[in-house]
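# A structural walkthrough
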Amino acid sequence: MIAEQMNPAPEDNPATTTTRRPIIAIDGPAGAGKSTIARHIAQYFGLLNLETGAMYRAFALKALGENISLEDLPSLAALSTKTTIHLEPGEEGNRVFLDGVDVTGKLRDPAVTDGASRVSVHPQIRAWMVRLQQELGASGGVVMEGRDIGTVVFPHADVKIFLDAAPEVRGLRRYDQMGQTGTEVTVAAAEVVQEMHARDERDRNRIDSPLKPAEDAVLLDSTHLTLDEVVARAEEIVTEKIHLQARA
Ligand code: DC
């Protein structure tokens, strides 16, 4: 019964009552729970989940591997013309292919995490990523998560959720997650909080497409909510928005 509730039949599925397959944008800072919520929402409504942060991470991995400075835009731009990044949605998150090779297991390394935030400040790199992401989501039926999905990649997304939480809470959640995913925890929780704070500052203050809620995004603050509560609220937001649109 639970499985039925989690996967409504197509005729009961609010996401399929619009004429075209919907695009759901979930943006927010690191550690707010975007990936978990996006995965749940994608499963619940029968949509594909695409993690755009993984694309920046894959590119950072390649640049680091080639010893290219993450501040050297001309070299990064040249590298981008020789790079293919492909996302394969799955139940446990996306598998990420860099030049045809599955690099999923390498993308949570702290150097790659920091590097992704650094390469993402460059407008030329962003323009390339945005184009790839628009192609991936063009036919709809997706939950796309990132920093600029509702503002830049799909400004006409059917549903926009901006998921946030207090920085300390996000840092501690990310720290806990590191243990769960088998990443060796060699740093103190305080360091994780601090690293997250630095990345946030960079993501929020970059000139091109800074992290901020779209004007028409629904803000969802998970600071004082359990995972189940956030999931329930996100489902509600999607259902309300898509019904509203179907009636318009
Ligand atoms: O969501 P994430 O932690 O995997 O993202 C890694 C970095 O990529 C993040 O610090 C900023 C950048 N990013 C971005 O600029 N725009 C996106 N749509 C997604 C991620």
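Preceding this paragraph is the structure being described.
The notes below deal with the structure included here. Worth saying up front: this structure is predicted, and the values here are computed from it rather than measured.

## Quick look at helix H4 (residues 73–80)
Three or more residues of H4 are buried, namely Leu-76, Ala-77, Leu-79 and Ser-80. The buried residues of H4 all sit within an arc of 160° when viewed along its axis, so they share a single face. Among the structural elements, helix H3 (53–65), helix H5 (110–119) and helix H6 (123–137) are those in contact with the buried residues of H4.

## Focus on empty space enclosed by the protein
Considering all chains together, one arrives at one cavity of 30 Å³ or more under this definition. Considering only enclosed or pocket space, the largest cavity measures out at about 40 Å³ in volume. In terms of lining, the largest cavity is formed by Asp-27, Gly-150, Thr-151, Lys-160, Ile-161, Phe-162, Lys-212, Pro-213, Ala-214 and Ala-217. Those elements that provide at least two residues to the lining of the largest cavity are helix H7 (149–153) and strand E7 (159–164). Here the lining of the largest cavity is composed, by residue class, of five nonpolar, two polar and three charged.

## A word on the sheet that holds strand E3 (residues 85–88)
Hydrogen bonds between backbone groups are what pair the strands of a sheet, and the pairing can be parallel or antiparallel. Strand order in the open sheet formed by three strands is E3-E4-E5, with antiparallel pairing between adjacent strands. Each edge of the open sheet carries a strand with a single partner, namely E3 and strand E5 (101–102).

## Concerning the sheet that holds strand E2 (residues 48–51)
If you walk across this open sheet you meet the five strands as E2-E6-E1-E7-E8, and the pairing is parallel. Either end of the sheet is taken by a strand with one partner, and the two such strands are E2 and strand E8 (218–221). Going across the sheet, the axis of each strand differs from the next one's by a mean of 20°, ignoring polarity. Pairing analysis gives four bridges linking E7 to E8, with the strands arranged parallel.

## Focus: the side chain of Thr-113
Structurally, Thr-113 can be placed in helix H5. A distance of 2.8 Å separates polar atoms of two side chains, one belonging to Thr-113 and the other to Arg-57. Sequence-distant contacts of Thr-113, that is, excluding residues within four places in its chain, are made with Arg-57, Leu-107, Arg-108, Glu-195 and Arg-199.

Conventions adopted
- Residues numbered from 1 in each chain as written.
- Predicted model: local features only at pLDDT ≥ 70, side-chain atom pairs only at ≥ 80, totals over all residues.
- Heavy atoms only, no water.
- Buried < 20%, exposed > 50% of the residue type's maximum accessible area, 1.4 Å probe, protein only.
- Helix = DSSP H or I, 4+ residues; strand = E, 2+ residues; numbered from the N terminus.
- Arc of directions from axis to C-beta.
- Contact = heavy atoms within 4.5 Å.
- 1 Å grid on protein atoms, 1.4 Å probe; cavity = no way out; pocket = protein on both sides within 12 Å on 5 of 7 lines; lining within 4 Å.
- Points joined across faces, edges and corners; volume = space filled by probe spheres on them.
- Nonpolar A, V, L, I, M, F, W, Y, C, P; charged D, E, K, R; others polar.
- Pairing = 2+ DSSP bridges.
- Axes fitted to C-alpha atoms, helices over the stretch in contact; angles between N-to-C directions.
- Polar contact = N/O pair within 3.5 Å; in protein donor to acceptor, adjacent residues only side chain to side chain.

Read these as spatial facts, not as claims about activity.
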